[in-house]
Amino acid sequence: MRLLSILLLLASAPLLAATLDTAKYPEASELVLASLPADIQPIRSVRVKSPTDGLLTLRLPGSGARLPEGSIWGEFDPERLQLEAEAVSLARTLFKEKETPKLSLELARTAAELSERRAELNRQADMLTRIANDPALAELYASENSDPLNDPPPMPIGSLQASAPHTNGEDISALATRLREQLALIDDVLRYSGTPRESELEHRVLELKLRAQELDVARRLQEFRLAMPFEAEVSLIPPPPPAGKPLRVPLGADLALIQDFSAIQARVPIRRAEWRVIDPARLQLRYTSRGRSALAANFQRSVLQENQGREELVYIFQFSDAHRSAARPLAGGQIAMQLVLRLDEPARIIPKIDLLLAAPAVFRNDGWEAGVAHVIPGGRLLALGETHLAIASGDPTSLSLNK
């Protein structure tokens, strides 16, 4: 806006054939494109909230110590969790050493009992068939079963218990038919009972019940044992309790911040279209402060993130290992950093204001590239920054970034 105001003030100036002496400007291999707000963060960071309410037993080492991935740094009710884990482990042992053999024995016993019942029913059915085919035996059978004092207790319908049938006026052939129907039902059961298929399915049912118990205990262990998702440092958010004492926390409370400082990154939004056409490998973020050397971060990758309902392109830069320790105090905040472009060839870094003063009408009417060619014969615009231009001499073969 400042340069635009100057350009408007000079709009009425006559077109001058001014030539700018580039020798008085420094030559460099890079250009500062802009100063941008950058979010500084460790390479990985996770905020942990309490999964329940209760007493949390902490297992944290000294401040700043890195914990390996998978290590437990806190537990809710550790004694009960240990008992549940031991109980389900014992249930698995009993399943292998006791329940499996016991199941096989019970299935074999059931199949044997069914076979015995079938043999008895078959015997009774054969007997009734013979009686029905012999009139003398049928008369004798009917006379013996007509006396109520000799009648055995009534047999429940569908019972497979072997007992002497009685007619109560029923036809002997009908009784034999009913027994044959019961034999057919037993045969259907025996085709499955005692087979490997039955053993497999019954074993699978017991296995699934045990597996459900194991998963339930594993879920509680995972939920109430706080483990490291990756190798990192743990920073407790609430005040730490006295040594050896548990920490009482409510459900959903912020517990800790897990941060991996093995690398530190800077994230900046890239909103200008002309920056997006630049090879990001040529870009670098640089932070300078009074009394300390510059900290540099090189391009790592780009991501799209949502910002106020719209997707925004963000470039992620990573500080070099040599600068990591110095960059660590900046983590967790937002600072102004310079977006620097590494040029393809050395160029003169010239302030925009100097070019505007040399030929304001040309720059106003024709733009930066034509203005450079006007005031610097043979000059080529390599890159356009917020306050300076990178201008090289020679054939105009390099990419121009002024559009």
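Note that the structure is a prediction, hence the values are computed from the model and not measured. (Residues numbered from 1 in each chain as written. Predicted model: local features only at pLDDT ≥ 70, side-chain atom pairs only at ≥ 80, totals over all residues. Heavy atoms only, no water.)

**A closer look at the pattern of salt bridges**
Under the definition given, this model contains 20 salt bridges. Among the ionic pairs, R66 bridges to E231, the shortest N-O distance being 3.6 Å. One end of the pair, R66, is in strand β3 (residues 66-67); the other, E231, is in the loop between β5 (225-227) and β6 (232-236), with 165 residues separating them in the sequence. Given a relative accessible area of 34%, R66 falls into the partly exposed group. Taking the relative accessible area as the measure of exposure, E231 reaches 40% and is therefore partly exposed. Residue R324 pairs with D321 through a salt bridge whose shortest N-O separation is 3.2 Å. Linking R324 with D321, this pair stays in helix α7 (residues 321-327), spanning three residues, or about one helical turn. You can call D321 exposed: its relative accessible area is 59%. Each of R80, E84, D216, R219, R220 and E223 takes part in one network of salt bridges that share partners. (Salt bridge = Lys/Arg side-chain N within 4 Å of Asp/Glu carboxyl O. Helix = DSSP H or I, 4+ residues; strand = E, 2+ residues; numbered from the N terminus. Buried < 20%, exposed > 50% of the residue type's maximum accessible area, 1.4 Å probe, protein only.)

**A short note on the packing of aromatic side chains**
The description of an aromatic ring pair uses the distance of the two centres, along with the angle that the planes make with each other. Tallied over the entire structure, the rule returns five aromatic pairs. Judged by centre distance (6.4 Å) and plane angle (70°), the ring pair of F76 and F224 falls under edge-to-face. Residue F76 is found in strand β4 (residues 72-76), and its partner F224 is found in helix α5 (residues 196-224); the two are separated by 148 residues along the sequence. Classification of F76 by relative accessible area gives buried; the value is 4%. Cluster of aromatic residues (ring-pair linked, three or more members): F299, Y315 and F317. The ring of F261 carries the charged tip of R328 above its face, separated from the ring centre by 3.9 Å. (Phe/Tyr/Trp six-rings, centres within 6.5 Å; stacked < 30°, edge-to-face > 60°. Lys NZ or Arg CZ within 6 Å of the ring centre and 35° of its normal.)

**Brief notes about the confidence of the model for the protein**
Confidence along the protein averages 80 in pLDDT terms, with 76% of residues attaining 70 or more. Per-residue pLDDT stays below 50 along residues 147-169; that stretch engages in 30 contacts with residues further than four places along the chain or on separate chains. (pLDDT = per-residue confidence, 0-100. Contact = heavy atoms within 4.5 Å.)

**Regarding the sheet that holds β4**
Here we have four strands laid out as an open sheet, ordered β5-β4-β2-β7, and antiparallel in their pairing. Two strands bound the open sheet, and with one partner strand each, they are β5 and β7 (247-249). Looking at each pair of strands side by side, their axes are set apart by 30° on average, direction ignored. Direction of pairing for β4 relative to β5: antiparallel, over a ladder of three bridges. Following the sheet pairing, G74 is matched in β5 by L226. (Pairing = 2+ DSSP bridges. Axes fitted to C-alpha atoms, helices over the stretch in contact; angles between N-to-C directions.)

**Some words on the pairing of strand β14 (residues 388-393)**
Strand direction decides the pairing type here: strand β12 (residues 334-351) and β14, joined by four bridges, are antiparallel. In the sheet register, I349 faces β14, and the bridge partner there is A390. Where strand β13 (residues 379-384) lies against β14, five bridges are found, and the strand directions are antiparallel. Its bridge partner lying in β14, L381 is registered against I391. What sits between β13 and β14 in their antiparallel hairpin is a turn of three residues.

**Concerning unusual backbone geometry**
You will see that D77, though not glycine, has its phi angle at about 50°, which is positive. Along the chain, D77 turns up in the loop between β4 and α2 (78-133). A positive phi angle, close to 55°, is found at Q308, a residue other than glycine. By the secondary structure assignment, Q308 is in the loop between β10 (292-307) and β11 (310-319). Judged by relative accessible area, Q308 falls into the exposed class, the value being 79%.

**Regarding the nonpolar core**
With 35 residues, the main nonpolar core has I40, L285, F319 and M337 as its most contacted residues. Within the residue set of this core, elements represented by two or more residues are β1 (27-49), β8 (254-269), β9 (283-289), β10, β11, β12, β13 and β14. Considering each element in turn, this core owes the most residues, seven residues, to β12. Once residues within four sequence positions are removed from consideration, L285 is found in contact with A38, A266, V268, L295, A296, A297, F317, M337, Q338 and L339. (Core = buried A, V, L, I, M, F, W, Y, C linked by side-chain atoms within 4.5 Å.)

**Re the environment of D53**
On the secondary structure map, D53 appears in the loop between β1 and β2 (54-58). By relative accessible area, which is 55% here, D53 ends up exposed. Excluding residues that lie within four positions of it along the chain, D53 makes contacts with V249, P250 and L251.

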